[in-house]
Amino acid sequence: MPLYEHVFLARQDLSQQQVDELTAHYKGVIEQLGGSVPKAEYWGVKSLTYRIRKNRKAHFTLLNLDAPAAAITEVERQQHINEDVLRAITVRVEELESGPSAMMRKVDRDRDRDERRGDRRGRDRDGPPRGPREDRGSEDDTEVTEH
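Below, the structure is looked at part by part. (Residues numbered from 1 in each chain as written. Predicted model: local features only at pLDDT ≥ 70, side-chain atom pairs only at ≥ 80, totals over all residues. Heavy atoms only, no water.)

## So, helix H1 (residues 16-32)
- In this model H1 runs 24 Å from its N-terminal to its C-terminal C-alpha over 17 residues, within 8% of the 24 Å that 1.5 Å per residue would give.
- Turning to H1, its buried residues number three or more, namely Val-19, Leu-22, Thr-23, Tyr-26, Val-29 and Ile-30. Down the axis, H1 shows its buried residues gathered within 120° of arc, on one side only. The exposed residues of H1 that point more than 90 degrees off its buried face are Gln-17 and Gln-32.
- Taken together, the buried residues of H1 touch strand S1 (3-11), strand S2 (36-52), strand S3 (55-66), helix H2 (69-81) and strand S4 (85-93).
- Following H1 by one or two positions, Gly-34 has its phi on the positive side, about 90°. (Helix = DSSP H or I, 4+ residues; strand = E, 2+ residues; numbered from the N terminus. Expected span 1.5 Å × (residues − 1). Buried < 20%, exposed > 50% of the residue type's maximum accessible area, 1.4 Å probe, protein only. Arc of directions from axis to C-beta. Contact = heavy atoms within 4.5 Å.)

Following this line, the structure appears as structure tokens:
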């Protein structure tokens, strides 16, 4: 069977549970029509470049599909009818990624970077956040202490 990557955007005012229910519904449709969903990833709520139906943000979800073309057509048809789905795109691929998608790797990389910067940038170890100018001091009035 052909392999597909399918991404759909759901309205921002839906709850996480409602998005999960939509994902489960579309998985069920694929499986009923003889396909399988090896991986489903929820990418979170992200800002849109431009407004779509008065929404500035949307829930992004990726589905990796191994399904016949009829199953893909049916899912897309149902998504066009559903008012909660803003956009959807399906791309046929030669092989599916086995690990996390590029979006999930980016989230992990950003989280790791923020953790590494945690003590150095914008915050004392015990105090409130500092502004960018408070980090700088002249060499004359700077006192060096070791902990």
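Here the narrative resumes, following the displayed structure.
## Focus: the nonpolar core
- Ranked by internal contacts, the top residues of the largest apolar core, which has 17 residues, are Leu-22, Tyr-26, Ile-30, Leu-63, Leu-65 and Ile-72.
- Elements supplying a minimum of two residues to this core: S1, H1, S3 and H2.
- If you tally residues by element for this core, the top one is H1, at 5 residues.
- Discounting chain neighbours no more than four positions away, the residues touching Ile-72 are Tyr-4, Ile-30, Leu-65, Ala-67 and Thr-90.
- Among the nonpolar cores identified, the runner-up in size contains 9 residues, and Ala-58, Phe-60, Leu-62 and Leu-86 belong to it. (Core = buried A, V, L, I, M, F, W, Y, C linked by side-chain atoms within 4.5 Å.)

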